[in-house]
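Remarks on the overall topology
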Amino acid sequence: MKRRGLLIVISGPSGAGKSTICRELLRSYGENLELSVSATTRKPRDGEYEGVNYFFKDIEEFAKMAGNGEFIEYAKVYDNYYGTPRKYVMDKLGEGKSVILEIDVQGGMKVKEAFSEAVFIFIMPPSFEDLRRRIENRGTETEQDICKRMKNAYSEINYATYYDYIVVNNDIKEAAAKISCIITAEKCRYKRCNIEFENFREG
Ligand code: 5GP
């Protein structure tokens, strides 16, 4: 029987580098690893594409999907809704692929309730000054948005305690390498191995 894939939740404050780390993770260690693309009511930023970064929905479409149970979890983050598509994730896990969910802490907590066997990784910025600088350098948010995201970052960091691993993003490649090690170690956990010990008995 094919082993189910690993469900990996990656959270952390906006600007901590989650998306860049996930891209690097897929580029360098992407074998059997999939990134779930969420649905959102947020408008696309420059350089974002439908189905690549998000599935962009209007509020009515999103509400309908939520009502039909099409999301594993969904949450309101910074005035917009974001949701994780159930079918894609369950199909990939069933195929034995590991799936990354890059979601906020509210979503992370909901996944924890429903999938206790998932692995929870929190990306921490090296400092708050660094976080602010990264959000500013992105150049996609207004000053008001930046303040909102910084305020939210303080409360999000309190949730790190519910996660299994903390990865500080001092360097994208190093952070991606650490996550790859975590995934490898988690796959080797006794409880995930389903070893048929009968096959190894003497006689
Ligand atoms: P952004 O607007 O910067 O792309 O994302 C804002 C926040 O929403 C980020 O913390 C991101 O991880 C989170 N997010 C993205 N997709 C989902 C999702 O499907 N569910 C939840 N709960 N959060 C999400």
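Throughout what follows, the structure given in this document is the object of discussion. Bear in mind the structure is a predicted one, so any value in this text is a computation, not a measurement.

**Digging into the overall build of the protein**
When helices and strands are counted, the protein shows 8 helices and 9 strands. Taken over the C-alpha trace, the protein has a radius of gyration of 18 Å; the compact-globule value for 203 residues is 17 Å, and the two agree within 12%. When its C-alpha atoms are laid out on the principal axes, the protein stretches across 70 × 40 × 30 Å. The burial tally for the protein puts 43% of its 203 residues in the buried class. Put simply, of all contacts in the protein between residues at least 6 apart along the chain, 68% involve residues at least 24 apart. Here the protein displays about 11700 Å² of accessible surface, and carbon together with sulfur accounts for 50% of that area. Computed over 32 positive and 32 negative side-chain charges, the inter-centroid distance for the protein is 1 Å.

**A short note on the sheet that holds strand S5 (residues 71-77)**
Read across the open sheet, the 4 strands follow the order S4-S3-S6-S5; overall the sheet is mixed. In the strand order of this sheet, the two ends are held by strand S4 (55-56) and S5, each with one partner. Where strand S3 (residues 39-40) meets S4, 2 bridges bridge the pair, whose relative direction is parallel. Bridged to Ala39 within S4 is Phe55. With respect to the sheet, helix H3 (residues 86-94) is in contact with S5 and strand S6 (80-85), its orientation differing from that of S6 by roughly 30°.

**A few points about a negative patch on the surface**
On the surface, a cluster of negative charge is made up of Glu50, Asp58, Glu60 and Glu61. Of note, Glu50 is situated in the loop between S3 and S4. Taking relative accessible area as the criterion, Glu50 reaches 48% and is therefore assigned partly exposed.

**Some details on the site of the ligand**
Residues in close proximity to the ligand total 16 residues, the closest being Ser38, Arg42, Tyr54, Glu73 and Tyr82. Residue Arg42 places a side-chain N or O atom 2.7 Å away from an oxygen atom belonging to the ligand. At a separation of 3.3 Å, an oxygen atom of the ligand approaches a polar side-chain atom of Thr84. Considering the ligand on its own, with 520 Å² of exposed area, one finds that the protein chains cover 95% of that surface. Looking at the shell around the ligand residue by residue, the classes come out as 5 nonpolar, 4 polar and 7 charged.

**Some details on the nonpolar core**
Nonpolar side chains tend to gather and get buried jointly when the protein is soluble and globular. In terms of nonpolar packing, the biggest core is built from 23 residues, with Ile8, Ile10, Ile121, Ile123 and Ile179 touching the most fellow members. Here this core gets 5 residues from one element, more than from any other, and that element is helix H7 (residues 172-187). Excluding residues within four positions of it along the chain, Ile10 makes contact with Lys18, Cys22, Ile100, Leu101, Glu102, Ile103, Ile121, Ile123 and Ile179. Ile103, Met109, Met124 and Ala160 belong to the second-largest nonpolar core, a separate cluster that totals 19 residues.

Definitions and limits used
- Residues numbered from 1 in each chain as written.
- Predicted model: local features only at pLDDT ≥ 70, side-chain atom pairs only at ≥ 80, totals over all residues.
- Heavy atoms only, no water.
- Helix = DSSP H or I, 4+ residues; strand = E, 2+ residues; numbered from the N terminus.
- Rg over C-alpha atoms; globule rule 2.2 N^0.38 Å.
- Buried < 20%, exposed > 50% of the residue type's maximum accessible area, 1.4 Å probe, protein only.
- Contact = heavy atoms within 4.5 Å.
- Areas by Shrake-Rupley, 256 points an atom, 1.4 Å probe, with all protein chains shown as cover.
- Lys, Arg positive; Asp, Glu negative; His and termini not counted.
- Charge placed at Lys NZ, Arg CZ, Asp CG, Glu CD.
- Pairing = 2+ DSSP bridges.
- Axes fitted to C-alpha atoms, helices over the stretch in contact; angles between N-to-C directions.
- Patch = residues over 30% accessible without salt bridge, like charges linked within 9 Å, V, L, I, M, F, W, Y side chains within 5 Å.
- Salt bridge = Lys/Arg side-chain N within 4 Å of Asp/Glu carboxyl O.
- Near = heavy atom within 4 Å.
- Polar contact = N/O pair within 3.5 Å; in protein donor to acceptor, adjacent residues only side chain to side chain.
- Nonpolar A, V, L, I, M, F, W, Y, C, P; charged D, E, K, R; others polar.
- Core = buried A, V, L, I, M, F, W, Y, C linked by side-chain atoms within 4.5 Å.

Structural measurements only, silent on function.
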